[in-house]
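Observations on the three-dimensional arrangement
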Amino acid sequence: MHRKKIALIGAGNIGGELAAQAARLELGDVYLFDIPDKLGIAQGKALDLEQNGSILGYDVRIVGTSNWDDLASSDVAIVTAGIPRKPGMSRNDLLGVNLRIIRSVAENLKVQAPDCFVIVISNPLDAMVHEMKRATGFAPEHVVGMAGQLDSARFQLFLAREAGVAVKDVRAMVLGGHGDTMVPVLSYCTINGIPVRQLIPQNRLDAIIQRTRDSGAEVVKLMGSSAYYAPASAAVQMARSYLYDEKRLLPCAVYLRGEYGVHDVYMGVPAVIGGRGVEKVVVIELDATERQMLDSSVQGVREIIAAAESL
Ligand code: A3D
């Protein structure tokens with residue numbers, strides 16, 4: 001048995017919070033990787049977080065590095081390398097820059113950690129995770145994207161606030177691509193088992209759906225850079241489900257091979273994550289409106305993947 005090794009590629013806002021959460025949960029030793037220009041930041045965050053362990057009582061190694069050799073045989077790699085949005089930008093505006101970064105990360109991961117479970121967060125998410133699978137050649141079960149949990153968390157929060165109930169009593173799922181065409185599936189949305197449509201009028205639900213779709217941009221507008229606490233929590237939940245074989249059923253971007261009538265596309269759907277990676281893609285029935293929204297989301301994802309393939 002060896003201590004698990006968590007590689008965090010990108011030591012920026014999300015990377016730092018991922019390191020903090022992974023350390024607190026003692027998921028394994030944490031390697032916080034960034035480009036040589038940012039080595040000091042990676043090492044500084046690592047040292048701060050190791051010292052934090054003396055206060056909080058966790059004990060794992062946390063290493064800041066820009067040397068790929070340090071990431072050899074990692075069990076999990078969480079990829080945030082790239083640039084985030086600035087106010088007024090869409091996720092798709094990041095395509096050209098982040099695609100080159102993802103390709104170089106994939107080339108190195110392939111060599112250093114061929115058996116790792118890869119969770120991609122960099123945007124535009126669906127195209128980046130698709131490219132990660134293509135460029136590493138890893139099995140689709142070992143390459144997933146984090147987005148659905150974050151979008152679902154946002155949806156749940158707004159529903160809870162509207163209904164005046166605890167957020168932990170709200171269960172909701174957002175499927176489809178991570179963008180303007182994301183699909184909040186109201187037919188499965190409940191507050192402690194009660195269908196949400198019985199508790200919140202349709203005009204308020206429509207407003208909440210729109211706010212959920214715009215929520216990433218809302219955060220960017222407020223603070224000038226992307227959200228990072230909730231994205232990190234969601235990815236850590238996925239990593240933990242893999243490492244501990246928890247078999248959590250989570251909405252995440254997985255490679256579809258005919259499920260939902262969709263082939264060769266990464267998209268947000270419910271999936272079971274366990275010790276073998278993506279163990280099951282769960283196909284749920286959708287009503288006519290949701291199905292239509294999912295189809296247009298697929299179309300949007302295909303377009304961004306095609307744009308990536310042409311670069
Ligand atoms: P930021 O704080 O800028 O951190 C990104 C880090 O990546 C920086 O420290 C860069 O130096 C580093 N980096 C750049 N190139 C490389 C490379 N080749 N190898 C290693 N590291 C590199 O950004 P952030 O942490 O706020 O966001 C990271 C990414 O996540 C962005 O693309 C965001 O758009 C995206 N994001 C996605 C979601 C989803 O829900 C999918 C949510 C929030 C942010």
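Residues numbered from 1 in each chain as written. Predicted model: local features only at pLDDT ≥ 70, side-chain atom pairs only at ≥ 80, totals over all residues. Heavy atoms only, no water.

**Notes on the packing of aromatic side chains**
Filter applied, for reference: Aromatic rings from Phe, Tyr and Trp, taking only the six-membered ring of Trp, are treated as a pair when their centres fall within 6.5 Å; an angle between ring planes under 30 degrees marks them as stacked, one over 60 as edge-to-face, and anything in between as tilted. To qualify as a helix, a DSSP run of H or I must reach at least 4 residues; to qualify as a strand, a run of E must reach at least 2; elements of each kind are numbered from the N terminus. Summary of the burial criterion: residues with accessible area below 20% of their type's maximum are buried, those above 50% are exposed, and those between are partly exposed, where the area comes from a 1.4 Å probe applied to protein chains only. Distance and angle both matter: a charge sits over a ring if NZ of Lys or CZ of Arg is within 6 Å of the ring centre and within 35 degrees of the ring normal.
The full count for this structure, using the stated rule, is four aromatic pairs. Their ring planes at 35° and their centres at 4.7 Å tell us that tyrosine 228 and tyrosine 229 sit as a pair that is tilted. Plain terms: the ring middles of tyrosine 255 and tyrosine 266 are 5.5 Å apart, the flat faces sit at 50° to each other, and that makes the pair tilted. Residue tyrosine 255 is found in strand 12 (residues 248–257), and its partner tyrosine 266 is found in strand 13 (residues 263–274); the two are separated by eleven residues along the sequence. The burial state of tyrosine 255 is the same as that of tyrosine 266; both residues are buried. Lying across the ring of tyrosine 31, lysine 5 places its NZ or CZ 4.7 Å from the centre. A cation over an aromatic ring shows up here: lysine 133 above the ring of tyrosine 255, its NZ or CZ 4.3 Å from the ring centre.

**A short note on unusual backbone geometry**
Note that the residue after asparagine 123, namely proline 124, is joined by a cis bond; omega there is -5°. You can see proline 124 is positioned in the loop between strand 5 (117–120) and helix 4 (125–136). Phi is positive for serine 73, close to 60°, though the residue is something other than glycine. The backbone of aspartate 245 sits at a positive phi, close to 50°, despite the residue not being glycine. Mapped onto the secondary structure, aspartate 245 falls in the loop between helix 8 (229–243) and strand 12.

**Focus on helix 9 (residues 288–309)**
As a reminder of what qualifies: One less than the residue count of a helix, multiplied by 1.5 Å, gives the span that helix is expected to have. The arc in question is the one spanned by the directions pointing from the helix axis to the C-beta atoms.
For helix 9, with 22 residues, the first-to-last C-alpha span of 31 Å sits near the 32 Å given by 1.5 Å per residue. Where helix 9 is concerned, the buried positions are Glu290, Leu294, Ser297, Val298, Val301, Ile304, Ile305 and Ala308. Along the axis of helix 9, the buried residues cluster in a sector spanning 135°; they form a single face. In helix 9, the exposed positions that point more than 90 degrees away from the buried face belong to Ala288 and Gln292.

**As for the pairing of strand 4 (residues 76–79)**
Which entries qualify depends on this criterion: Strands qualify as paired when DSSP identifies two bridges or more between them. Seen with the strands pointing away from the viewer, any crossover whose path from the first strand over the helix to the second strand runs clockwise is right-handed.
The alternating pattern of strand 4 places Val76 and Ile78 and Ala77 and Val79 on opposite faces, both of which are buried. Here strand 1 (residues 5–9) pairs with strand 4 via four bridges, running parallel. Pairing of leucine 8 across the sheet is with isoleucine 78, part of strand 4. The pairing of strand 4 with strand 5 spans four bridges and is parallel. Residue pairing across strands places valine 76 opposite phenylalanine 117, the latter belonging to strand 5. Between the parallel pair strand 4 and strand 5, the chain is carried across by helix 3 (residues 95–112), and the sense of this crossover is right-handed.

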